[in-house]
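Tertiary structure, described
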Amino acid sequence: MKKYNLEDWVAYIQGTLGEEEQLEMEELLLQSEEAMEQYLLAMDGLEGELPEPEDHDAFTDRMMQQLYGKPVQHSPKDRVQPRSKYWYEHPMFHYSIAASITFILLISGVFQNLTGGSQALLDQPSGSFTDSIIQKAFSWLDALK
C-alpha cells in the first residue's frame with residue numbers, strides 16, 4: 001500500500017479524491033496506526049473549516065439508520081428531563097429548620113443552663129471562662145445519662 005502524506009489526508013477529508021483512492025485510504029486507516037495519526041492531524045488542522053450538523057440528534061439517527069438499516073426508536077427514558085427540586089430540598093428550608101431549632105433551644109434555656117445564668121458569669125471565681133463552660137457542658141451531659 002502507498003504511504004500518504006498530510007495533504008493527501010486533507011484531500012480525503014474534504015472529499016476531493018477519486019473513489020478508488022478513498023477506498024484505499026479507508027483500508028489503510030483500518031490497518032495502520034501511523035495512517036490514523038496522520039488522519040487525526042489532518043482533522044485537527046481542518047477543525048474550524050468543517051461544517052457541523054445543525055441537529056445532532058437527527059444526524060445520529062441518520063447515521064444509525066445507514067449503519068444498521070433500521071430507524072432508531074427513542075424511548076421516553078432516553079431523553080432525561082431535569083426535574084425540579086422538591087420544596088424540602090431547597091437550602092432555605094434547611095436554614096429555616098436550623099433557625100427554628102436554635103430559637104426553641106434559646107427559649108427553653110438550654111444555653112443558659114450551660115453558662116449557669118448571667119449572674120453566675122459575673123460571680124465567677126478566677127479561671128478561664130472557657131474552662132467553666134466546658135465543666136458545665138460535661139456536668140449537663142452527665143446529668144442526661
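The structure we're discussing is the one just above.
Now for a look at the structure at hand.

Turning to helix α1 (residues 6-14), a few remarks are in order. Within α1 the residues assigned to the buried category are Trp9, Ala11, Tyr12 and Ile13. Where the residues of α1 are buried, they touch α2 (19-31) and α3 (33-45). The N-cap residue of α1 is asparagine 5: its side-chain oxygen and the backbone nitrogen of glutamate 7 are 3.3 Å apart. Just downstream of α1 lies glycine 15, where phi reads positive at about 80 degrees.

Next up on the list: the packing of aromatic side chains. The full count for this structure, using the stated rule, is seven aromatic pairs. Centroid distance tryptophan 87 to phenylalanine 93: 5.1 Å. Interplanar angle 90 degrees. Geometry classified as edge-to-face. Note on tryptophan 87: relative accessible area 62%, which makes it exposed. Phenylalanine 93 sits in the partly exposed class, given a relative accessible area of 29%. Taken together, Tyr4, Trp9, Tyr12 and Tyr39 form an aromatic cluster joined through their ring pairs.

The next thing to look at is helix α4 (residues 56-68). Structurally, the α-helix is built with 3.6 residues per turn, so residues lying three or four positions apart point the same way. Between the first and last C-alpha of α4 there are 18 Å, a value that for 13 residues agrees with the 18 Å anticipated at 1.5 Å per step. Looking at the residues trailing α4, positive phi occurs at glycine 69, about 75 degrees.

As a packed pair, α1 and α3 sit with axes 9 Å apart at the nearest point and diverge in direction by 65 degrees. One way to sum up the angle between α1 and α3 is to call them roughly perpendicular. The hand of the α1/α3 crossing is right-handed. Between α1 and α3, the residues in contact are Leu6, Trp9, Val10, Tyr12 and Ile13 and Ala35, Gln38, Tyr39, Leu41, Ala42 and Met43, respectively. The residue makeup of the contact of α1 with α3, split by class, is 10 nonpolar, one polar and no charged.

Procedures and definitions
Residues numbered from 1 in each chain as written. Predicted model: local features only at pLDDT ≥ 70, side-chain atom pairs only at ≥ 80, totals over all residues. Heavy atoms only, no water. Buried < 20%, exposed > 50% of the residue type's maximum accessible area, 1.4 Å probe, protein only. Helix = DSSP H or I, 4+ residues; strand = E, 2+ residues; numbered from the N terminus. Contact = heavy atoms within 4.5 Å. Polar contact = N/O pair within 3.5 Å; in protein donor to acceptor, adjacent residues only side chain to side chain. Phe/Tyr/Trp six-rings, centres within 6.5 Å; stacked < 30°, edge-to-face > 60°. Expected span 1.5 Å × (residues − 1). Axes fitted to C-alpha atoms, helices over the stretch in contact; angles between N-to-C directions. Parallel < 35°, antiparallel > 145°, perpendicular 65-115°, else oblique. Left-handed = near helix turned anticlockwise from the far one by under 90°. Nonpolar A, V, L, I, M, F, W, Y, C, P; charged D, E, K, R; others polar.

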